[in-house]
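Inside the fold
For reference, the chains in residue letters:
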Amino acid sequence: MKIGLYFGSFNPIHIGHLIIANHLAEHSDLDQIWFVVTPHNPHKKKSSLLNNYDRLEMVYRATKDYIKLQPSDIEFNLPQPNYTINTLVYLQEKHPNKTFALIMGEDNLKSFHKWKNYELILQNHHLYVYPRISKEKAETRFDKHKKIHHIDAPIMELSSTFIRNAIKTGKNIKPMLPQPVWEYLDEMNFYR
């Protein structure tokens, strides 16, 4: 079984995340997509994150009706701050019968060479890269790499930051979230 790992803080998960994940589940050779909820990205301020279990709960609620999409708390018990290579090594040991691939936006590919042990990641895993709108279409050293697959997925210009800011200012963002996620946010009074 080939699993695509979609890492993110999912703070909150929104329809853009689901559209990209579902597209990959339906239009690539990936059998499942795991939403890996990251407890703390070394490049982000932790203070802006909801707690790990509330974000996992939102991912669970967003994916429960999609058999190929699964929430994952695999990083919750790994030492923090964590790096992708550590998660991949851990998953491969825990699930030797599965193959793991990374899912990332084009913007992340541009800085992929700065990731810890990126050469080892590329040696052992495929990368599925979805398009992003950017002002400059910069080539990267990885554009022709045999393990990097550029996916013709819908371009989603929606961010969790935009959603959090809109909630804070009292805007209606209900159409941007899966219904169960909106209900949970509303019930818990998050981001207000």
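Refer to the structure above for everything that follows.
This text gives an overview of the structure that appears in the document.

Parameters and conventions
All chains use their own residue numbering, which begins from 1 and follows the written sequence. In view of the model being predicted, local features appear only for residues whose pLDDT reaches at least 70, and side-chain atom pairs are presented and counted only at 80 or more, with totals across whole chains, interfaces and linings using the full set of residues. Note: side-chain values were computed over all heavy atoms of the structure, leaving out hydrogens and water. Each axis is a line fitted through C-alpha atoms, and for a helix only the stretch in contact is used; angles between axes span 0 to 180 degrees, taken between their N-to-C directions. Helix and strand definitions here come from DSSP, where helices need a minimum of 4 consecutive H or I residues and strands a minimum of 2 consecutive E residues; each element is numbered from the N-terminal end. The contact criterion used throughout is that any non-hydrogen atoms of two residues lie within 4.5 Å. Residue type decides the class: Asp, Glu, Lys and Arg count as charged, Ala, Val, Leu, Ile, Met, Phe, Trp, Tyr, Cys and Pro as nonpolar, and the leftover types, Gly among them, as polar. Strand pairing requires that DSSP identify at least two bridges connecting the strands. Throughout this description, the term salt bridge denotes a Lys or Arg side-chain nitrogen within 4 Å of a carboxyl oxygen of Asp or Glu.

Quick notes on the packing of helix α2 (residues 52-63) against helix α7 (residues 179-188)
Interaxial distance between α2 and α7 falls to 8 Å at its minimum, and their mutual angle equals 145 degrees. Counting all contacts with α2, which are made through D54, E57, M58, R61 and A62, the residues of α7 involved are P180, V181, Y184, L185, E187 and M188. Of the residues contributing to the contact of α2 with α7, the split by class is seven nonpolar, no polar and four charged.

Points about the sheet that holds strand β6 (residues 148-150)
Pairing in this open sheet of six strands is parallel, and the strands run β3-β2-β1-β4-β5-β6 from one edge to the other. Of all the strands in the sheet, just β3 (69-72) and β6 have a single pairing partner and so form its edges. On average, each strand axis in the sheet is inclined to that of its neighbour by 30 degrees, with strand direction left out of account. Taken together, the four bridges between strand β4 (residues 99-105) and strand β5 (residues 127-130) define a ladder with parallel strand orientation. Its bridge partner being in β5, G105 is matched across the sheet by Y130. Seen against the sheet, helix α1 (residues 15-27) touches β1 (2-8), β2 (32-37), β3, β4 and β5 and runs at an angle of roughly 145 degrees to β2.

Remarks on the pattern of salt bridges
Throughout the structure, instances matching the rule amount to four salt bridges. A salt bridge links K2 to D29; the shortest N-O distance between them is 3.0 Å. Here K2 is found in strand β1, whereas its partner D29 is found in the loop between α1 and β2, with 27 residues between them in sequence. R61 serves as the salt-bridge partner of E57, at 2.7 Å between the closest nitrogen and oxygen. Residue E57 and its partner R61 are both found in helix α2; the two are separated by four residues, about one turn of the helix.

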